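Understanding the architecture of this molecule
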Amino acid sequence: MAATTLILIAGCTPEPATQPTSTASPVGAPSPVTHTLRMPETLLGLTKNMDRVAVESAKRHLDTLKREVAPATSAVGWAYGGHGPDADMVFITGVSGTVVDQQGLVERALNPYRVGAREQVDAGRLGGTARCGQGRTEMKSYLVVCAWADTQTLGIVAFLSSRPIGDRTAQFLKVREAMTETA
């Protein structure tokens, strides 16, 4: 399990945070935050991983996301799975607050990960914008990373497996909905 986590860590080197390229500001007063993020007990049938290294991996980019969504009203980061013979894992990281420049934030959220082309995907019933990319870690594990941004949340869902991973849009949307609480 720790080896799988180290694979993710080795394959995801953070890049320095960049400043938003959009100078657009919301019209009028910001809308009240009605969405917050939470860490469910299970995701996609996977239980929380309590390994310190796995949890730190999930939280690695949390401070960067908090700076992008100011003021942050909730923040989550955790790892799930890693217990089976294939050690499949899901890592979540996200914040809520006021989001400006959704497209730019999604791109910057994906920058630290070793993924190729980032394809626009369905953002689901929660709206906003979402993109996913596939890649391999330095240790040759398979990686799919999806990020979303809407007016009140910004998040990343990373799928890691020892086997090839296909399209994970449906699972990404399930995870996003499980993470989101509506006031």
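Residues numbered from 1 in each chain as written. Predicted model: local features only at pLDDT ≥ 70, side-chain atom pairs only at ≥ 80, totals over all residues. Heavy atoms only, no water.

1. Considering the overall build of the protein
Scanning the protein from terminus to terminus reveals 5 helices and 10 strands. Split into buried and exposed, the 183 residues of the protein put 48% on the buried side. Sequence-distant contacts in the protein: of pairs separated by 6 or more residues, those separated by 24 or more amount to 65%. About 8,600 Å² of surface is accessible on the protein, with carbon and sulfur atoms providing 54% of the total. (Helix = DSSP H or I, 4+ residues; strand = E, 2+ residues; numbered from the N terminus. Buried < 20%, exposed > 50% of the residue type's maximum accessible area, 1.4 Å probe, protein only. Contact = heavy atoms within 4.5 Å. Areas by Shrake-Rupley, 256 points an atom, 1.4 Å probe, with all protein chains shown as cover.)

2. Side note on the pattern of salt bridges
Under the definition given, this model contains 11 salt bridges. We note a salt bridge from K48 to E41, for which the minimum N-O separation is 3.7 Å. R114 is the partner of E138 in a salt bridge, and the nearest nitrogen-oxygen pair spans 3.6 Å. A residue pair is termed long-range when its members are at least 10 positions apart, and E138 in the loop between β7 (129-136) and β8 (142-149) and R114 in the loop between α4 (102-110) and β6 (118-121) qualify at 24 residues. (Salt bridge = Lys/Arg side-chain N within 4 Å of Asp/Glu carboxyl O.)

3. Looking at α4
Inspection of α4 places G104, L105, V106, R108, A109 and L110 among the buried residues, and these make up the whole buried set. Where α4 is buried, its residues touch α3 (62-68), β6, β7, β8 and β9 (153-161).

4. Overview of the pairing of strand β4 (residues 74-81)
For β4, the tally of buried residues reaches 7 of 8 residues, placing the bulk of the element in the interior. Bridge count for β4 against strand β5 (residues 89-96) is 8 bridges, and the pairing is antiparallel. Within β5, the position partnered with W78 by the bridge is I92. (Pairing = 2+ DSSP bridges.)

5. Examining the state of the cysteines
Under the defined criterion, the tally for this structure stands at 1 disulfide. Here C132 engages in a disulfide with C146; their sulfurs sit 2.0 Å apart. Across the disulfide from C132 to C146, rotation about the S-S bond amounts to roughly 110 degrees, and the bridge is consequently right-handed. Taken together, the positions of C132 in strand β7 and C146 in strand β8 put the pair 14 residues apart, joining distant regions of the chain. Assessed through its relative accessible area of 0%, C146 is described here as buried. (Disulfide = S-S within 2.5 Å.)

6. So, the nonpolar core
Grouped together as the largest cluster of nonpolar side chains are 24 residues, with contacts concentrated most on F91, V145, L154 and I156. Counting 22 residues, the second-largest nonpolar core is a separate cluster that includes L43, V55, V90 and A123. (Core = buried A, V, L, I, M, F, W, Y, C linked by side-chain atoms within 4.5 Å.)

7. A look at the environment of L143
Take L143: it is sitting in strand β8. Between the C-alpha atoms of L143 and G166, which are 23 residues apart in sequence, the distance is 9.7 Å.

8. Considering unusual backbone geometry
Positive phi is not limited to glycine here, since L44 has a value of about 55 degrees. You can see L44 is positioned in the loop between β2 (42-43) and β3 (46-47). For L44, a relative accessible area of 40% translates into the label partly exposed. Backbone geometry places D101, a non-glycine residue, at a positive phi of 65 degrees. Mapped onto the elements, D101 comes out in the loop between β5 and α4.

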